[in-house]
Amino acid sequence: MEFQNLILKAEAPVATIRLNRPEKRNALSLALMQEVMTALRQVSSDAEMRVIVIEAAGLAFSAGHDLGEMVGREGAFYQHLFDLCSQMMEMLHQVRQPVIAKVHGVATAAGCQLVAACDLAVAAEEARFATPGVKIGLFCSTPMVPVSRAIGRKRAMEMLLTGEMIDAQTALEWGLVNRVVPALELDEALDQLVQAIVRSSPLTVSIGKEAFYAQIDLDEHRAYELTKSVMSLNSLAEDAQEGICAFMEKRPATWRGR
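So, how was this worked out
Residues numbered from 1 in each chain as written. Predicted model: local features only at pLDDT ≥ 70, side-chain atom pairs only at ≥ 80, totals over all residues. Heavy atoms only, no water. Pairing = 2+ DSSP bridges. Helix = DSSP H or I, 4+ residues; strand = E, 2+ residues; numbered from the N terminus. Buried < 20%, exposed > 50% of the residue type's maximum accessible area, 1.4 Å probe, protein only. Arc of directions from axis to C-beta. Contact = heavy atoms within 4.5 Å. Patch = residues over 30% accessible without salt bridge, like charges linked within 9 Å, V, L, I, M, F, W, Y side chains within 5 Å. Areas by Shrake-Rupley, 256 points an atom, 1.4 Å probe, with all protein chains shown as cover. Salt bridge = Lys/Arg side-chain N within 4 Å of Asp/Glu carboxyl O. Lys, Arg positive; Asp, Glu negative; His and termini not counted. Charge placed at Lys NZ, Arg CZ, Asp CG, Glu CD. Core = buried A, V, L, I, M, F, W, Y, C linked by side-chain atoms within 4.5 Å. Axes fitted to C-alpha atoms, helices over the stretch in contact; angles between N-to-C directions. Parallel < 35°, antiparallel > 145°, perpendicular 65-115°, else oblique. Left-handed = near helix turned anticlockwise from the far one by under 90°. Nonpolar A, V, L, I, M, F, W, Y, C, P; charged D, E, K, R; others polar.

A. Representation of the sheet that holds strand S7 (residues 128–130) within the structure. The strand order across the open sheet formed by three strands is S5-S7-S8, and the pairing between neighbours is mixed. The open sheet has two edge strands, strand S5 (106–108) and strand S8 (166–167), and neither has a second partner. As judged from the three bridges shared by S5 and S7, these two strands associate in the parallel manner. Each bridged residue has a counterpart across the sheet, and for Ala107 the counterpart in S7 is Phe129.

Spelled out as structure tokens, the structure:
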């Protein structure tokens, strides 16, 4: 389908979703979020796509929600807006492929939320991150969900209560992003992550991603109860048996995705 607010490029093994509202600093309008969800559904069903990358056109990654849509509305509109945003963020965890944020410029409010919600993130050295809603009377309550899970309570509260920017190096140290590189090396850093992922069985990667999010907020005992069952079932997979045999026989594995 044709998109009005993003560009979808699917070149196996990578599908790239580029936010394309540069004149609005890629603000997450209702239309853009709906298109992101449509693109995720489309890509997730394609077995050739092993990794999904989210990037952005223009000078900013994303400035958050489109404030122009949020003036003088009724309660039902705001409920719908944040319902849709939450669904989009949750979908990033639900698709079987790892999702990587490729960040340049600023990622603020729901834009910072988007980075935190992705499975992995690489950032250019000039990237900046903030949850500044408190400064305009609208606390970043939904962004705090993935941000606090990524960087912990005290650091998240500092971002949320002050609304101040943190630089890319701080984001790396706090765990909001995985790698920080000069802007000219951003594509190379992304490719290194992609290649490391696609070397493994697509089935195994999808099993692992699903299990990670299922166990992360459980207590230790329940997490083990879940993951031991996952590993038992994973062991029965053809790819698992192939991988074990290939390792023992000191040969490359041939993945079949089953």
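B. Structural context of helix H4 (residues 144–151). Listed in full, the buried residues belonging to H4 are Pro146, Val147 and Ile151. The arc that holds the buried residues of H4, viewed along the axis, is 105°, so those residues lie on one side. Turning to H4, the residues buried within the fold contact helix H3 (110–117), helix H5 (153–162) and helix H6 (168–174). Where H4 terminates, the next one or two residues include Gly152, which has phi positive at roughly 95°.

C. Seen up close, a negative patch on the surface. Taken together, the side chains of Glu125, Glu126, Glu185, Glu188 and Asp191 define an acidic patch exposed on the protein surface. Structurally, the position occupied by Glu125 is in the loop between strand S6 (120–124) and S7. Given the relative accessible area of 47%, Glu125 is considered partly exposed.

D. How the structure looks around the nonpolar core. Ranked by size, the top nonpolar core spans 58 residues in total, and within it Phe61, Leu92, Val103, Val115 and Phe129 carry the most contacts. Here Leu92 is in contact with Leu40, Ile54, Val99, Leu114, Ala117, Cys118, Asp119 and Lys209, once residues within four sequence places are set aside. Judged by nonpolar contacts, the second largest core, of 14 residues, contains Val14, Ile100, Val181 and Ala189.

E. Summary view of the side chain of Glu35. Following the sequence through the fold, Glu35 ends up in helix H1 (residues 30–44). In this structure, Glu35 is buried with no salt-bridge partner, the nearest side chain bearing the opposite charge being Arg21 at 8.6 Å. Contacts of Glu35, omitting those with residues within four sequence positions, involve Phe3, Gln4, Asn5 and Leu6.

F. Looking closely at the packing of helix H2 (residues 75–94) against H3. Viewed as axis vectors pointing N to C, H2 and H3 meet at an angle of 20°, and their least axial separation amounts to 9 Å. Classified by the angle their axes make, H2 and H3 are roughly parallel. Between H2 and H3 lies a crossing whose hand is right-handed. Between H2 and H3, the residues in contact are Cys85, Met88, Met89, Leu92 and His93 and Ala110, Gln113, Leu114 and Ala117, respectively. A breakdown of the residues in the contact of H2 with H3 according to their chemical character gives seven nonpolar, two polar and no charged.

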